[in-house]
Amino acid sequence: MVDILGVPMPVLMGQLLLGLINGAFYAVLSLGLALIFGLLNIINFAHGAFYMLGAFVAWLALQYLGIGYWPALIVAPLVVGVFGVIVERLLLKRLYELDHLYGLLLTFGLALVIEGTFRQLYGISGQPYQLPESLSGGINLGFMFLPKYRAWVIVASLVMCLATWLIIERTKLGALMRAATENPDLVRAFGVNVPLLVTLTYGFGVALAAFAGVLAAPIYSVNPIMGSHLIIVVFAVVVIGGMGSIMGAVVSGFMLGVFEGLTRVFWPEASSVVIFVIMAVVLMVKPAGLFGRTA
Amino acid sequence: MSKLKTALMAGIASVALAGTAQAEITNNVVKIGVLDDMSGVYADLAGEGSVLAARMAVEDAGGSVAGSPIEVISADHQNKADIAANVARQWIDTDQVDVVVDVGNSAAALAVQEVTETKGKVHLNSTAATTALTNEKCSPTGVHWTYDTYALANGTGKALVEQGAKKWFFITADYAFGHSLEENTSKAVKSAGGEVVGSVRAPFPNNDFSSYLLQAQGSGADVIAFANTGGDFVNALKQAQEFGITQSGQKIAGLLVFLTDVHSLGLESTKGLTITTGWYWDQDEDSRAWADRFAERNGGKRPTMVQAGVYSAVSHYLKAIAAIESDEGKPVVDQMKQTPINDMFAKNGKIREDGRMVHDMKLVQVKTPDESKGEWDYYKILSNIPGDQAFMPLSESTCDLVKQ
């Protein structure tokens with residue numbers, strides 16, 4: 001058996017795969033963040049709260065309406081996305097002309113309010129959400145036991161990331177969105193409804209977070225602070241990838257998941273800080289991030 | 001001149017009465033500060049419920065003691081030791097707090113114990129688990145009430161080895177509590193004839209345990225023991241099932257599992273778990289009656305062992321103040337040590353010189369969904385572990401208050 005730095009190959013392979021799975025969550029979340037930052041210039045601190053909302057809506061739908069996992073995968077992002085649209089129309093829209101800081105403060109406050117409300121209503125220990133029947137069990141890969149659900153997480157995230165990228169880069173709608181960021185006045189002059197475009201983008205970014213939340217519900221505990229654990233890491237991912245870069249967010253999401261996974265094998269205690277160390281190094285060497293353009 | 005005379009007389013009187021008390025309540029109020037994780041992973045198992053338990057103890061004592069009113073205040077230490085120490089210090093220095101209660105999270109508890117000891121105030125700990133509170137960090141004004149890592153390790157560790165689970169692998173929360181729990185359980189496992197084949201330390205708090213579970217799965221261990229608790233335990237167990245660990249024959253041991261964790265995971269996920277607990281709400285008539293009263297005011301949620309421990313500790317503390325008519329730290333704790341504890345929490349409980357409250361622990365098993373008669377009916381009691389077997393014997397103690 002081949003050993004790498006004293007770690008047997010199968011163990012390493014297993015950890016790499018797990019890293020990819022975690023990376024999938026980072027990728028979907030940071031994708032939404034990058035999208036919102038790229039088009040709206042808002043640092044969306046409420047992203048973790050929207051992720052939590054996605055998981056909770058899925059749980060509530062199952063608990064009170066009997067709506068299962070598969071429909072929830074569509075329903076929850078829609079519901080949370082609409083909530084995001086309301087937030088944008090009601091609050092965020094007033095801040096575009098101001099400094100980044102105001103958007104950050106507003107969304108941070110919003111996150112606290114949402115989390116606080118759910119903490120008050122449902123407590124902190126979390127709600128049970130069972131794996132969907134069709135995805136329980138797993139496949140023995142020889143080097144590890146891969147639960148079917150985790151395989152599904154990777155596939156679903158990759159498809160979602162790819163689809164988003166295609167929409168932004170290859171469709172007319174995406175072209176308009178990009179143009180609206182570059183020069184909103186000019187785009188408006190062509191008769192395009194720019195504010196609507198911006199609202200939809202925010203709603204879509206938020207829906208992506210909720211989608212990740214539903215994906216997470218069966219494997220992590222559905223609790224009000226599940227998002228706040230993750231949001232800081234996801235911000236680091238976005239910074240490493242380059243603020244606003246869609247490709248950067250996805251690639252660095254998967255990459256950092258793998259780095260973190262490897263750290264868990266070689267130095268478990270450091271696994272919670274490794275992403276921030278990488279962030280510090282990247283910021284020193286390439287302040288705009290790996291895929292970012294220097295302003 | 002007459003003033004000096006009175007002072008002298010008072011001095012003589014107090015010397016004559018030394019050891020009993022100066023018969024006074026400082027600032028004419030007994031102030032109880034409940035310091036806890038009110039918003040993080042431990043907020044449900046202790047948190048506001050602990051504050052409620054303390055309030056109930058105060059109400060049951062009539063709202064006043066030795067002629068002075070009793071007040072309860074609370075704060076969130078956010079699981080940070082430095083915040084815990086600062087709040088405790090501020091409470092004692094400027095808010096006239098006489099006793100700091102509960103203090104979940106071992107790191108926070110140890111920080112508070114240092115503050116209360118230097119200030120001569122009382123620390124009644126229910127939720128923290130580390131044995132350090134009654135060993136190297138023991139204090140003449142510190143009492144550790146509900147359980148500790150030694151008792152958990154001894155209960156669950158021994159029971160599982162006897163059931164034939166010899167080889168152990170630990171997934172440990174990387175801070176004072178996890179370390180202490182792993183160390184104690186390792187000892188208990190080895191002395192019962194088992195062996196430890198490996199361990200890994202996970203950051204606290206942690207969402208994803210799959211990497212660690214994979215390492216544990218590959219270790220060839222009979223038992224994968226989670227030396228963590230609260231939300232971390234919930235996540236770890238959920239993922240252990242996802243990775244097919246129990247189906248492949250490996251056992252899961254939850255070393256510190258609270259009633260709220262079982263509630264959150266559901267019986268389908270937890271059935272059959274063997275758990276050591278300091279108290280269970282359905283253990284007897286008294287506990288049921290108290291739990292009913294508690295649940296009524298806690299949105300229907302039944303109390304955990306540590307919330308019950310808070311009630312018991314505060315009640316005993318108030319009785320001691322009533323007996324000596326003083327709220328001065330050390331004399332009160334000395335008085336508490338002299339009287340046995342008999343209430344809905346413990347029968348013939350006793351506080352030792354190291355501050356350990358010794359009482360019977362319970363080995364319980366989580367019911368299957370069929371066995372459970374409804375919400376919160378989760379445990380069946382397997383056996384009673386007598387206090388002198390449950391807790392670390394004084395002969396092993398490293399506390400300098402213990403005369404060897």
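Residues numbered from 1 in each chain as written. Chains lettered and ligands numbered in written order. Predicted model: local features only at pLDDT ≥ 70, side-chain atom pairs only at ≥ 80, totals over all residues.

### A closer look at the packing of helix 1 (residues 9–40) of chain A against helix 8 (residues 194–216) of chain A
Residues and elements named next belong to chain A. Two numbers describe how helix 1 lies on helix 8: the axes approach to 9 Å, and their chain directions differ by 170°. Our classification of the angle between helix 1 and helix 8 gives roughly antiparallel. Across the interface between the two elements, Phe25, Val28, Leu29, Leu31, Gly32, Leu35, Ile36, Leu39 and Leu40 from helix 1 touch Val198, Thr201, Tyr202, Phe204, Gly205, Val206, Leu208, Ala209, Phe211, Ala212 and Ala216 from helix 8. Across the contact of helix 1 with helix 8, the residue classes tally to 17 nonpolar, three polar and no charged. (Axes fitted to C-alpha atoms, helices over the stretch in contact; angles between N-to-C directions. Helix = DSSP H or I, 4+ residues; strand = E, 2+ residues; numbered from the N terminus. Parallel < 35°, antiparallel > 145°, perpendicular 65-115°, else oblique. Contact = placed C-beta atoms within 7 Å. Nonpolar A, V, L, I, M, F, W, Y, C, P; charged D, E, K, R; others polar.)

### Re the domain arrangement of chain B
Residue and element names in this part refer to chain B. Domain annotation for chain B reports domain 1 (24–147 + 284–359) and domain 2 (150–277 + 361–390). Each of domain 1 and domain 2 was reduced to a C-alpha centroid, and the two centroids are 27 Å apart. Each partner contributes to the interface: domain 1 provides 17 residues, whereas domain 2 provides 22 residues. In terms of residue count, helix 4 (residues 106–119) provides more of the side of domain 1 that touches domain 2 than any other element does, three residues in total. In terms of residue class, the side of domain 1 that touches domain 2 is built from 10 nonpolar, five polar and two charged. (Domains from an automatic or database assignment.)

### Quick look at the UniProt feature "transmembrane region" (unreviewed entry) in chain A
Residue and element names in this part refer to chain A. Summarizing the sequence annotation, UniProt attributes the feature "transmembrane region" (unreviewed entry) to residues 20–42, 49–67, 73–92, 101–122, 149–168, 189–217, 229–259 and 266–285 in the numbering used throughout. Helix makes up 90% of residues 73–92 and strand 0%, whereas the separation of the span's terminal C-alpha atoms amounts to 26 Å. Helix makes up 65% of residues 266–285 and strand makes up 0%, while its end C-alpha atoms are separated by 25 Å. (UniProt positions renumbered as here; feature names shortened; annotations may be inferred.)

### Section: the sheet that holds strand 5 (residues 122–125) of chain B
All names here are of chain B. Spatially, the six strands line up as an open sheet ordered 2-3-1-4-5-6, and their pairing is mixed. Whereas interior strands pair on both sides, the edge strands pair on one side only; in this sheet they are strand 2 (64–65) and strand 6 (142–144). Along the sheet, helix 3 (residues 81–94) contacts strand 1 (30–36), strand 3 (68–76) and strand 4 (99–102); its crossing angle with strand 1, the most-contacted strand, is approximately 170°. (Pairing = 2+ DSSP bridges.)

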